Amino acid sequence: MCGIVGIVRKRSGVAEDLVKSLKKLEYRGYDSAGIAVMSDGKIEVVKGVGTIDSVVGGIEIRDGPVGIGHTRWATHGGVSPENAHPHTSCHGEVAVVHNGTLDDFEDMRRELITKGHELRSETDTEVVAHLIEENLKSGDGPLSAFVNTIRKLKGSYAIVSMISGERALFLARNKSPLVIGLGEDGNYCASDVAALLHLTNRFIFMEDGEIALLTPSSVEIWKLEGGKMEKVDRRAEEVDWSPQLLDKGSFEHFMLKEIHEQPHILKKIAESIDYYTRFSERLDSLLRSGSLTIVAAGTSYHAGLIGKYLLSKLAGIRSEVIIASEFPEWSSHLREGDVVLAISQSGETADVLEAVRIAKSRGSKVVSIVNVPGSTLTRMSDESVFIQAGPEVGVAATKTFSAQVAVLYVISSLISGRSGISDELAGVSELLRNSMGDLEGFSKEMSDLLKDKEHVFFLGRGINYPTALEGALKLKEISYIHAEGYPAGEYKHGPLALIEEGTPAVVMVPVNEELRKKAVYNIMEVRSRGAFTITIQPKGVEVPTDASLEVDVEDELLSPLIYTVPLQLIAYYTAVSLGRNPDKPRNLAKSVTVE
Ligand code: G6P
């Protein structure tokens, strides 16, 4: 995965900003890091194993006007100082950072070695620096040397390169994200918008197959097609995310801050019904000519399941939901005129993008619900809508799940012609704001109980079956306790065998009386086998349980927005009491750009 950044300025001084950007990109990987800075025409590299802070800490860097940086999640080659980026050519005249994976690089590597190049790492990236050097040697100017190198590459890449003596950055993008930021005193580029918010809020989003040349006062973009280079004229877009959103403020972790932002985000969505109307109308009209398939991964997949429920209940629309990594195998029936709704926080998840490519190749229309502006998914879609949740830093998705569910609620309601949506969502926002203290207190208490358990089950019915899946995912990803979400009624067909004395089962109690009766029966089933039940339930209803959190919920369809918050908090406090860092769970990354 990896995060990359580049800065080219009129004045000297890029190191500090490179490091700031890399810290914002650590969600993409942080097993090694490095920067290259050009001063007096010479490139100097500082890199090593660990986070960027640990790598540059205490090192005196000779600063200059051009620099690139990288934070790595190892794919080709293990975690070692040699494999950390930036990579340089034999004589250190070319430095390169790369996000993605290159195909057939072994052949190029062998060829370069035959030509006398000394390669110092096991990475695919290093060949790029040597290829540029080789082209320079054969007489190419800096831009041609870069372009002729990119022409040889296959695979996925966002590449930023600098060349000794050139106050410029050379960029190329294919299937890995790369955005250009426009500033007053220079220009920037990075894997995402959030990494550059401390420098600018004006961006140009590069597309696949494009290369760019940045100088302190100019940005030129070309599309590479075969032997041709076609100039691209693209307008800059303003992104209304403030850099403060990337600050933890008084919260101990981003995850906790992001959980607390939810009432505010729901209010924002409640106030934007007009914004969602166009998208809903387009989706509604597209659905006249074909079926609807929802595709998403991780937490977004759970939102997709809730979306399927809402579209069916509210608008009578039939859909199916396919997990993104399984899409290629399960979508053979897709045809022209069908509609694929892709849901993704980042808009960069490789499995989701691959699903979208397949859908497009079959002539299906693609619409998407996304959080990150300018992300690849928005560019690939026929129509996109934003969930307006602001940047999410914690690896475990929290506020973006609620925002996805709220937007799906709005869209389903708009298609069905219901009114009063804004007041309903504003009501949920208010309720959450007022009850945050109680939710916190209950969740802390429960985490005390859960932290020593090996297994925890989450059960839900109807619309809260996906909520149960999400509750289990949150707990396992950040606390590393095994957790499983299940439809409460299905539990007796197998998992019930796992219940022992004291096994915790967290149950979402339905608002609807008929459904609740069934859930109560399921609660009795697990309790009689020794389970310790924790219920999250509507105020004032009688439920046999060991511990309960009563919330003021009246509408089943809005209940996931309320029930999810204590589940997130339970996961958070359990992880914290076990000494885990909930913002950076082991082995996981926020944006998974490999299939
Ligand atoms: C990763 C993240 C999850 C996220 C999933 C899908 O696994 O850790 O939090 O839900 O990717 O990401 P997307 O950006 O497509 O919603």
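Residues numbered from 1 in each chain as written. Predicted model: local features only at pLDDT ≥ 70, side-chain atom pairs only at ≥ 80, totals over all residues. Heavy atoms only, no water.

## Here's the deal with the packing of helix α7 (residues 262-270) against helix α13 (residues 399-416)
Put simply, the test is: Working convention: axes come from line fits to C-alpha atoms, limited for helices to the stretch in contact. Angles between N-to-C directions cover 0 to 180 degrees. The helix count covers DSSP runs of H or I at least four residues long, the strand count covers runs of E at least two residues long, and both are numbered beginning at the N terminus. These descriptions rest on fixed angle ranges, namely under 35 degrees for roughly parallel, over 145 for roughly antiparallel, 65 to 115 for roughly perpendicular, and the rest for oblique. With the far helix as reference, a near helix turned anticlockwise by less than a right angle produces a left-handed crossing, and one turned clockwise produces a right-handed crossing. Here, two residues are considered to be in contact whenever any of their heavy atoms come within 4.5 Å of each other. For this classification, Asp, Glu, Lys and Arg are treated as charged, while Ala, Val, Leu, Ile, Met, Phe, Trp, Tyr, Cys and Pro are nonpolar and the rest, including Gly, are polar.
Direction vectors running N to C along α7 and α13 enclose 25°, while the axes themselves pass 10 Å from each other. By the angle between their directions, the pair α7 and α13 is classed as roughly parallel. The chirality of how α7 crosses α13 is right-handed. Residues Gln262, Ile265, Leu266 and Ile269 of α7 lie in contact with α13, whose contacting residues are Lys399, Ser402, Ala403, Ala406, Val407 and Val410. For the contact of α7 with α13, the per-class residue count stands at seven nonpolar, two polar and one charged.

## Re the pattern of salt bridges
Selection rule: When a carboxyl oxygen of Asp or Glu is within 4 Å of a side-chain nitrogen of Lys or Arg, the pair counts as a salt bridge. Remark: exposure states derive from per-residue accessible area (1.4 Å probe, protein chains only) relative to the maximum for the residue type, with buried under 20%, exposed over 50%, and partly exposed in between.
Tallied over the entire structure, the rule returns 33 salt bridges. Taking the shortest distance from any N to any O, the salt bridge between Glu271 and Lys267 comes out at 3.2 Å. The class of Glu271 is exposed, set by a relative accessible area of 58%. A single salt-bridge network, built from bridges that share partners, covers Glu207, Glu210, Arg234, Glu237 and Arg379.

## Side note on the domain arrangement of the protein chain
Our working rule: An automatic or database domain assignment supplies the start and end points of every domain.
What the domain assignment lists for the protein chain is domain 1 (3-242), domain 2 (248-419) and domain 3 (435-582). Taking only C-alpha atoms into account, the centre of domain 1 sits 46 Å from that of domain 3.

## Things to note about α7
Stated precisely, the cut-off is as follows: The reported arc concerns the directions from the helix axis to the C-beta atoms and nothing else.
Along α7, the residues that are buried comprise Gln262, Pro263, Ile265, Leu266, Ile269 and Ala270. In a view along the axis of α7, the buried residues occupy a sector of 165°, so they form one face of it.

## Points about empty space enclosed by the protein
Keep this limit in mind: Using only the protein atoms, space was sampled on a 1 Å grid; points where a 1.4 Å probe fits but cannot get out form cavities, open sets with protein on both sides within 12 Å along at least five of seven lines form pockets, and lining residues are those with an atom within 4 Å of a point. Grid points are joined across faces, edges and corners, and a volume is the space filled by probe spheres set on the points.
With the rule as written, the count across this model stands at two cavities of 30 Å³ or more. Considering each element in turn, the lining of the largest cavity owes the most residues, three residues, to strand β6 (residues 94-103). Along the lines of polarity and charge, the residues of the lining of the largest cavity split into one nonpolar, eight polar and two charged. The computed volume of the second largest cavity comes to approximately 40 Å³. Forming the boundary of the second largest cavity are Met1, Cys2, Trp73, Thr75, Asn99, Gly100, Thr101, Ser156, Ser176, Thr593 and Val594. Looking at which element gives the most residues to the lining of the second largest cavity, the answer is β6, with three residues. Across the lining of the second largest cavity, the residue classes break down as four nonpolar, seven polar and no charged.

## Some remarks on the pairing of strand β22 (residues 482-487)
What counts is decided by this rule: DSSP bridges decide pairing: two strands pair if at least two such bridges lie between them. Look down the strands so they point away from you; if the path from the first strand over the helix to the second goes clockwise, the crossover is right-handed.
Sheet topology note: the strand β21 (residues 455-460)/β22 ladder contains six bridges and is parallel. Within β22, the position partnered with Val456 by the bridge is Ala483. Taking the sense of rotation as the criterion, the β-α-β connection linking β21, helix α15 (residues 464-479) and β22 turns out right-handed.

## Quick word on the site of the ligand
Test applied: Proximity criterion: a residue is near a molecule or strand once any of its heavy atoms comes within 4 Å of it. Here a polar contact means two N or O atoms within 3.5 Å. Within protein one must be a hydrogen donor candidate and the other an acceptor candidate, and residues neighboring in sequence count only if both atoms are side-chain atoms. With residues, only the protein chains shown are counted as cover, and all accessible areas are computed by Shrake-Rupley using a 1.4 Å probe.
Around the ligand, 13 residues are found, and the nearest of them are Ser300, Ser344, Gln345, Ser346 and Thr349. Interatomic distance of 3.0 Å between a backbone N/O atom of Thr299 and an oxygen atom of the ligand. The separation between an oxygen atom of the ligand and a polar side-chain atom of Ser346 is 2.6 Å. When the ligand sits alone it has 390 Å² of accessible area, and the protein chains cover 89% of it. The element best represented in the shell around the ligand is helix α9 (residues 298-315), accounting for three residues.

## Details of the pairing of strand β19 (residues 365-370)
Extensive coverage of β19 is indicated by the burial of five of its six residues. Where strand β18 (residues 339-344) and β19 come together, six bridges link them in parallel fashion. When the sheet's bridge partners are listed, Ala342 is paired in β19 with Ser368. Handedness of the crossover is the feature at issue here: the chain leaves β18, passes through helix α11 (residues 350-361), returns alongside β19, and the resulting connection is right-handed. Here four bridges tie β19 to strand β20 (residues 383-386), and the two strands are oriented parallel to one another. Residue pairing across strands places Val367 opposite Glu383, the latter belonging to β20.

## Regarding unusual backbone geometry
For the bond running from His85 to Pro86, omega is -5°, close enough to zero to count as cis. Checked against the element boundaries, Pro86 lands in the loop between β4 (66-72) and β5 (87-88). With a phi angle near 50°, Asp40 is a residue other than glycine that sits in the positive phi range. For Asp40, the location among the structural elements is in the loop between β2 (32-39) and β3 (42-49). Classification of Asp40 by relative accessible area gives exposed; the value is 72%. We note that Gln388 has phi near 60°; this positive angle belongs to a residue other than glycine.

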